[in-house]
Structures are given as structure tokens and as C-alpha cells.
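# Architecture at a glance
What follows is the residue order along each chain.
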Amino acid sequence: MANSPQARKRARQAERHRTRNVSHRSKVRTYIKKVVAAVDAGDAEAARTALTEAIPVIDKMASKGIMHRNKAARHKSRLSAKVNALT
């Protein structure tokens with residue numbers, strides 16, 4: 001357990017950040033699943049709108065450091081390829 005005051009504060013901050021990051025990570029996964037579900041259903045229009053909603057969320061998480069920028073680029077690329085394959 002943290003003994004010094006600054007270590008106690010860092011532990012409190014780390015817990016706060018961890019819960020916030022878990023929430024953001026869950027949000028990104030939900031948006032990705034919406035795109036994949038629309039692609040699996042074969043609905044090109046819904047997939048396209050879901051992709052346009054997902055891309056800014058993915059970019060925001062990459063800029064905040066929740067997700068690595070290369071992972072964000074990989075998700076965007078793969079989702080775009082799936083959506084484009086429908087047409």
C-alpha cells in the first residue's frame with residue numbers, strides 16, 4: 001500500500017483514470033460492434049452511417065491515449081474495408 005502522501009494521491013488518481021478509461025474503451029467497442037453488426041446484416045446504408053459515427057470516436061480515444069494510434073488506424077482501415085466490400 002502507498003505510504004507517502006504523494007503515492008496515496010497517485011493511487012487515487014490512477015483509480016479514477018482507470019474507471020474513466022474502462023468506460024471510454026467500452027464505448028469504442030460498442031461503436032465498432034455496431035458497424036460489424038450492420039455489415040453482417042448486409043445493410044450497406046446502416047453500415048456506412050455507423051462507420052461515420054465510429055471513426056470520430058476511435059480518433060478521440062487515440063488522441064487521449066486510451067488506444068494506441070496504430071490500433072485506431074487498424075480498426076478504421078478494417079471497418080472501412082468491410083463497409084466498402086458491401087457495395
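The following refers to the structure shown.

Rules behind the numbers
- Residues numbered from 1 in each chain as written.
- Predicted model: local features only at pLDDT ≥ 70, side-chain atom pairs only at ≥ 80, totals over all residues.
- Heavy atoms only, no water.
- Axes fitted to C-alpha atoms, helices over the stretch in contact; angles between N-to-C directions.
- Helix = DSSP H or I, 4+ residues; strand = E, 2+ residues; numbered from the N terminus.
- Parallel < 35°, antiparallel > 145°, perpendicular 65-115°, else oblique.
- Contact = heavy atoms within 4.5 Å.
- Nonpolar A, V, L, I, M, F, W, Y, C, P; charged D, E, K, R; others polar.
- Patch = residues over 30% accessible without salt bridge, like charges linked within 9 Å, V, L, I, M, F, W, Y side chains within 5 Å.
- Areas by Shrake-Rupley, 256 points an atom, 1.4 Å probe, with all protein chains shown as cover.
- Salt bridge = Lys/Arg side-chain N within 4 Å of Asp/Glu carboxyl O.
- Lys, Arg positive; Asp, Glu negative; His and termini not counted.
- Charge placed at Lys NZ, Arg CZ, Asp CG, Glu CD.

### A word on the packing of helix H2 (residues 44–64) against helix H3 (residues 69–86)
H3 packs onto H2 with a crossing angle of 175° between their chain directions and a minimal axis gap of 10 Å. Accordingly, the angle class assigned to the pair H2 and H3 is roughly antiparallel. Of the residues in H3, those in contact with Ala44, Ala47, Arg48, Leu51, Ile55, Ile58, Asp59 and Ala62 of H2 are Arg69, Ala72, His75, Lys76, Leu79, Ser80, Val83 and Leu86. In the contact of H2 with H3, the residues fall into 10 nonpolar, 2 polar and 4 charged.

### Quick look at a positive patch on the surface
Taken together, Arg8, Lys9, Arg10, Arg12, Arg16, Arg20, Lys27, Lys60 and Lys64 make up a surface patch of like positive charges. Contributing elements (two or more residues each) for the positive patch: helix H1 (5–41) and H2. It is H1 that provides the largest number of residues to the positive patch, a total of 7 residues. In this structure, arginine 16 sits in helix H1.

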